[in-house]
Amino acid sequence: MPGPLEHVARSVGLSVVSGNRARNTDPLPGSCQPFPPRKAGLPLQIKSDKQQPGGVIYSIKGPGVDEEPRGVFSIDKLTGKVYLNTMLDREKNDHFRLKAFALDLGGVTLEDPTDLEIVVMDQNDNRPLFRQDVFSAHVVEGAAPGTFVMKAEATDADDPETDNAALRYSILEPALSGVFEMDELSGEIRTAQAQLDREVVGVYNLTLQAADMSGEGLTTTASAVIYVDDINDNPPEFSAKEFLLEAPENKEGVAVGRLMVQDKDLPGSPNWLAKFTILEGDPEGAFAIQTDPHTNDGIVSLVKALDHERRDHFELLVSVQNQSPLDLSAPKAARALATVRVRVLDANEAPFFRENPWRGRVDEGAPPGTEVTVYRASDPDTRQVQELRYSQAFSPDSWLQVDPESGLVRTRETVPPRATFPKGWYNTQILACDNGSPPLTATGTLSIEVVEVNDHAPILLPGSGELCQQGGSLVLSATDQDLAPHAEPFHFRFGTSGTPLAHNWSLTHSNATHALLQAQGEVAEGLHVLPILVSDSGRPPREQEQLLNVSVCACNEEGACQARAAAVVGTVAGLSFGALMVILSSAALLLLLVLLVAGLEHSRRRAFRKSLLGGSQDDFRDNVLNYDEQGGGEEDQDAYDINQLRNPDLLFPPPSPWIKPPLRKDHPYGYSLPQHPRRLPAGPSDIEDFINEARLGWNAAGGRGDCCGRGAEGLEAADADPGVPPYDTALIYDYEGDSSAGGSLSSILSSLEDDDQDYDYLNDWGPRFRRLAELYGQ
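Rules of the game
Residues numbered from 1 in each chain as written. Predicted model: local features only at pLDDT ≥ 70, side-chain atom pairs only at ≥ 80, totals over all residues. Heavy atoms only, no water. Salt bridge = Lys/Arg side-chain N within 4 Å of Asp/Glu carboxyl O. Buried < 20%, exposed > 50% of the residue type's maximum accessible area, 1.4 Å probe, protein only. Helix = DSSP H or I, 4+ residues; strand = E, 2+ residues; numbered from the N terminus. Pairing = 2+ DSSP bridges. Axes fitted to C-alpha atoms, helices over the stretch in contact; angles between N-to-C directions. Lys, Arg positive; Asp, Glu negative; His and termini not counted. Polar contact = N/O pair within 3.5 Å; in protein donor to acceptor, adjacent residues only side chain to side chain. Contact = heavy atoms within 4.5 Å. Phe/Tyr/Trp six-rings, centres within 6.5 Å; stacked < 30°, edge-to-face > 60°. Lys NZ or Arg CZ within 6 Å of the ring centre and 35° of its normal. Disulfide = S-S within 2.5 Å. Patch = residues over 30% accessible without salt bridge, like charges linked within 9 Å, V, L, I, M, F, W, Y side chains within 5 Å. Areas by Shrake-Rupley, 256 points an atom, 1.4 Å probe, with all protein chains shown as cover. Core = buried A, V, L, I, M, F, W, Y, C linked by side-chain atoms within 4.5 Å.

### Some words on the pattern of salt bridges
Part 1 of the reasoning: Summed over the entire model, instances satisfying the criterion amount to 17 salt bridges.
Part 2 of the reasoning: Between Glu 68 and Arg 70 there is a salt bridge; the shortest N-O distance is 3.6 Å.
Part 3 of the reasoning: Residue class for Arg 70 comes out exposed when judged on its relative accessible area of 55%.
Part 4 of the reasoning: Close ionic contact of Arg 310 with Glu 284 constitutes a salt bridge, the shortest N to O distance being 3.0 Å. On the criterion of sequence distance, the pair formed by Arg 310 in the loop between strand S23 (298-302) and strand S24 (313-322) and Glu 284 in the loop between strand S21 (274-280) and strand S22 (287-291) is long-range, its members being 26 residues apart.
Part 5 of the reasoning: Among the residues examined, Arg 310 registers a relative accessible area of 64% and is labelled exposed.
Part 6 of the reasoning: Glu 284 gets classed as partly exposed once you look at its relative accessible area, which sits at 46%.
Part 7 of the reasoning: Among the ionic contacts, a cluster of salt bridges with common partners joins Arg 131, Lys 151 and Glu 153.

### Section: the sheet that holds strand S36 (residues 491-494)
Part 1 of the reasoning: Strand order in the open sheet made by the four strands is S34-S40-S39-S36, with mixed pairing throughout. The strands lining the two open edges of the sheet, one partner per strand, are strand S34 (464-468) and S36. Averaged over all pairs of adjacent strands, the angle between their axes in this sheet comes to 40 degrees, without regard to strand direction.
Part 2 of the reasoning: Bridging between S34 and strand S40 (residues 543-553) involves five bridges; their strand directions are parallel. Counterpart to Glu 466 in the pairing with S40 is Ser 551.

### A word on the side chain of Glu 141
Part 1 of the reasoning: Among the structural elements, Glu 141 can be located in the loop between strand S9 (134-140) and strand S10 (148-151).
Part 2 of the reasoning: Here Glu 141 sits buried without a salt bridge, and the closest side chain of opposite charge, Arg 198, lies 4.7 Å off (N-O distance).
Part 3 of the reasoning: A distance of 3.0 Å separates the side chain of Glu 141 from the backbone nitrogen of Ile 231, its partner in a polar contact.
Part 4 of the reasoning: Each residue touching Glu 141, except ones within four places of it in the same chain, is listed here: Leu 196, Asp 197, Arg 198, Glu 199, Val 228, Asp 229, Asp 230, Ile 231 and Asp 233.

### What about the packing of aromatic side chains?
Part 1 of the reasoning: Scanning the entire structure with this criterion turns up 11 aromatic pairs.
Part 2 of the reasoning: Seen in terms of ring centroids, Trp 399 and Tyr 426 are 4.9 Å apart; in terms of plane orientation they differ by 40 degrees. Their pairing is tilted. A residue pair is termed long-range when its members are at least 10 positions apart, and Trp 399 in the loop between strand S28 (388-392) and strand S29 (400-402) and Tyr 426 in strand S31 (residues 425-434) qualify at 27 residues.
Part 3 of the reasoning: Residue classification places Trp 399 among the buried residues on the basis of a relative accessible area of 1%.
Part 4 of the reasoning: Exposure remark for Tyr 426: the relative accessible area of 7% places this residue in the buried category.
Part 5 of the reasoning: Arranged with centres 5.7 Å apart and planes meeting at 65 degrees, the rings of Phe 421 and Tyr 426 form a pair that is edge-to-face.
Part 6 of the reasoning: Classification of Phe 421 as buried rests on a relative accessible area of 11%.
Part 7 of the reasoning: Taken together, Phe 130, Phe 135 and Tyr 169 form an aromatic cluster joined through their ring pairs.
Part 8 of the reasoning: Arg 359 extends its terminal NZ or CZ atom over the ring of Trp 425, reaching a point 5.8 Å from the ring centre.

### Details of the state of the cysteines
Part 1 of the reasoning: Per the counting criterion, the structure on display carries one disulfide.
Part 2 of the reasoning: A sulfur-sulfur separation of 2.0 Å characterises the disulfide bridge that pairs Cys 468 with Cys 555. With the S-S dihedral at roughly -100 degrees, the linkage between Cys 468 and Cys 555 falls on the left-handed side. Here Cys 468, found in strand S34, pairs with Cys 555, found in the loop between S40 and helix H2 (564-574); they are 87 residues apart in sequence, far enough to count as distant.

### Describing a nonpolar patch on the surface
Part 1 of the reasoning: Where nonpolar side chains cluster on the molecular surface, the patch consists of Leu 589, Leu 592, Leu 593, Leu 596 and Leu 600 and spans about 520 Å² of accessible area.
Part 2 of the reasoning: Among the secondary structure elements, Leu 592 is positioned in helix H3 (residues 577-613).
Part 3 of the reasoning: On the basis of relative accessibility, which here comes to 54%, the residue Leu 592 falls in the exposed class.

### A short note on unusual backbone geometry
Part 1 of the reasoning: In this chain, Asn 356 is followed by Pro 357 through a cis amide linkage whose omega measures 5 degrees.
Part 2 of the reasoning: Residue Leu 461 is joined to Pro 462 through a cis peptide bond whose omega torsion reads -10 degrees.
Part 3 of the reasoning: Here Pro 462 shows up in the loop between strand S33 (459-461) and S34.
Part 4 of the reasoning: Of note, the phi angle at Ser 214 is positive, near 60 degrees, even though the residue is not glycine.
Part 5 of the reasoning: Residues other than glycine seldom take positive phi values, yet Asn 250 does so here, at roughly 65 degrees.
Part 6 of the reasoning: The class for Asn 250 is partly exposed, based on a relative accessible area of 38%.

### Digging into the nonpolar core
Part 1 of the reasoning: Residues Phe 130, Phe 180, Leu 208 and Ile 226 are the most contacted members of the largest nonpolar core, which totals 26 residues.
Part 2 of the reasoning: Residue assignment for this core shows that the elements contributing at least two residues are S9, S10, strand S12 (168-171), strand S13 (180-182), strand S15 (203-211) and strand S16 (219-229).
Part 3 of the reasoning: Counting residues in each nonpolar core, the second largest holds 23 residues, with Val 261, Ala 286, Leu 302 and Phe 314 among its members.

Functional significance is not addressed by these values, which are geometric in nature.
The structure is reproduced here in structure tokens:
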């Protein structure tokens, strides 16, 4: 059987109030002990029934004694009383399980260990704590009573099985208790009434309280912020029933005014943003209304340009609504419609040509003053008194002129031929300018076709010819300055004013431009004048009678006339007295002109010679500059044609005994004409030989020719011959070809300095160089 100690120990159950210093001593709520408590005895004493003469020694072990937390309990080893050494905290250790031992004085266990369980009783020493310092939630305006908003929870560290942790919740503000209510047990917050209006109160700030001991103990507080969410319960309304706006003319994409609206809903939200609709007054869609996201105003702008002359005012019926649908609880809007009156301002508009380009026609050769058209512009500003003035754009070669007031276009000079215009069309621009503010100009294009007219009769070619007496024929042709269809085919026939000899001739058409003249029967030798009528194919056709001089002669076997003298005699005999007088007068006039030109040329040469010989010493530079006919050097390729040097026989044919040979402009006065025939260089090789001979003779004699006179003779022959090109010219323009052996004979490369030159040879160059010899020979 167990001993008395074990029996007592197992039956012991001890509760210790947390925070007690000693037995039956309760601390005040919320009090604390800053100093270590004194040792307090517990209502527990261990006692063994196995007493020994020497006594019993008691001990305890376990958490709170020799285990953490150490030193909480201790025991009197002689009496067995258990003591509390420090303050207990139930929230840290709510109970302790110890073992008690009874030993004799020798340390021998007298009985089995006994379990001691010490339970720490709770005391209300902890306040409640909310899980958050600030709670937030949202609720829509107009929510029904009892709508859940949020739940605010608190905790208490005390024993939940006691009233120390029994919490009660409440809202401290009495004024808000009618709007929201809070469940005291769960902490749920709900709406108390259906009067939440965001436009009145948008945010509610509540102070929440939690108290333990069923609301009678310790308390704590927290904040709750409740936002009232907006609903579209306020329709937008115009600030006025009518709006007056002004719109410019001929402009698009510009704002003309604003329509102000009011909305009590949350700014920036779809419940606040307005949407405008034009219900009436704009059938063509010329206006548009956009919403300003910052002010919620309606911006009226022009989508299409307006025309004041067509319509000077508009009356628009505009409605406004929100972008989001209106809530069913929202009241009806009082000003959801507005009238917008728009007045279109009148602006100066540029005139315009209704027909642009204008296409017309005018006959070539039309005389000045011929009316082409009246090219007028239209001014769209019908409600403004304005004048238009016309002018032609700059065109230096224009043959048209425009009346500045009426716009009448007429020819200023004779219309040029059609062939002078590209494809026969002439284009020019006409300007029309108004006197508005600012003045504006329109540009119109005149595209005029110059019509080919039959204003020229065909001309017979040739005007004369020779015809063999036996079976001869003469080919006739014609030409016309006009173009098709007023030219060929040509029609040839004899004129009505012809002599009876015309009946002895026949005309046969060869093609569109040629005819064949033949004699019928025996025709007398001599000159026959036949009137020929040549007409073109124009509408109407033009014809001209022309005289054809036909010399009829006896021909040899080759078809050539044998007796030209007979034709000459026949020519004189066939001419009338009037024609003969015309010929003689023309010859006399021509002779007079020749004599006049010869006299002027003679006077000019005398004056020029006098100026060369009698000039003063001060103007020798002018005299030198006047003599500039030797060519322009190697860079001047336009003075003479090189082909003339390659083929001099074509340029200078053999002289005739009755014709004076041509002279150079710089031929020396007093030099006699050369004796012909003189062989001219026939090709580049002959020219090179001539140059080499002159160069060798010149270099050997110091510029005056060699001892035999070969170089001097060639140079003298070239200078004395007025009928050949200048000597320097031949040197400059000789055709040497590729890799020519002939060097440059220009005097520019003969010396680098004037001091090395010997100018005495100028005395041998004739009277025209005598002045230079006097100047440079000193």
